[in-house]
Amino acid sequence: MQIVSSYILTADTGGTKTKLTLFSKDGVMLSSETCAGMGFISDIADGFPFLNEALRSLLDGRDYSSVKAVVINVGGKNVEQIRSIFKGFF
C-alpha cells in the first residue's frame, strides 16, 4: 500500500451547509464532511467555530501541513473572511 503524503482539500460553501472533501494528490477522494454553512452576505462576528472539528474529522489524524492545496467555492459575499480562516489552518 502506498502512503500518500500530500492532499488536496475542497470546500463548497453555502449559507445552509458547507461540504469539505479531501483528495489524494492523484485526485482520489479519501473522505468528506458536511458542516454548517459559511457563505453569507457579510462577515460573521463569531467566525466558524465548527470548522476546526469538521476539518479534524475530515483529516482523520493526518497532519494539516500535509494539505498542499485548498480549493474553495464561495457561496456568499464574505470571501475574505473565509479565505482568512482557511489560511489560519493551512
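Residues numbered from 1 in each chain as written. Predicted model: local features only at pLDDT ≥ 70, side-chain atom pairs only at ≥ 80, totals over all residues. Heavy atoms only, no water.

Caption draft 1: Broad picture of the side chain of Ser66. Positionally, Ser66 belongs in the loop between α1 (50-59) and β4 (67-73). We classify Ser66 as buried; its relative accessible area is 11%. Those residues within four positions of Ser66 in sequence are excluded, and the remaining contacts are Ser5, Ser6 and Tyr7. (Helix = DSSP H or I, 4+ residues; strand = E, 2+ residues; numbered from the N terminus. Buried < 20%, exposed > 50% of the residue type's maximum accessible area, 1.4 Å probe, protein only. Contact = heavy atoms within 4.5 Å.)

Caption draft 2: Representation of the nonpolar core. Counting residues in hydrophobic clusters, the biggest one holds 17 residues, and the most contacted among them are Leu20, Leu51, Leu55 and Phe86. The set of elements that each furnish at least two residues to this core consists of β1 (7-12), β2 (17-24), α1 and α2 (79-89). Counting residues per element, this core draws most heavily on α1, which supplies 5 residues. Residue contacts for Leu51: discarding those within four places in its chain leaves Leu20, Met38, Ile85, Phe86 and Phe89. (Core = buried A, V, L, I, M, F, W, Y, C linked by side-chain atoms within 4.5 Å.)

Caption draft 3: Broad picture of the packing of α1 against α2. Two elements in contact, α1 and α2, have axes whose closest approach is 12 Å; the angle formed by their N-to-C orientations is 50°. Between α1 and α2, the interaxial angle falls into the category oblique. Here α1 runs over α2; the crossing is right-handed. In this structure, α1 uses Leu51, Asn52 and Leu55 to contact α2, whose residues at the interface are Ile85, Phe86 and Phe89. (Axes fitted to C-alpha atoms, helices over the stretch in contact; angles between N-to-C directions. Parallel < 35°, antiparallel > 145°, perpendicular 65-115°, else oblique. Left-handed = near helix turned anticlockwise from the far one by under 90°.)

Caption draft 4: Looking closely at the sheet that holds β4. One open sheet holds the 4 strands; their spatial order is β3-β2-β1-β4, and the pairing between them is mixed. Looking along the sheet, the strands with just one partner apiece sit at the ends: β3 (29-36) and β4. Along the sheet, successive strands turn relative to each other by an average axial angle of 15°, direction set aside. Bridge count between β1 and β4: 6 bridges; the pairing is parallel. What sits directly across from Thr10, in β4, is Val71. The sheet strands contacting α1 are β1, β2, β3 and β4, and the helix crosses β3 at an angle near 160°. In this fold α2 packs onto β1, β2 and β4, with an angle of close to 165° to the strand it touches most, β4. (Pairing = 2+ DSSP bridges.)

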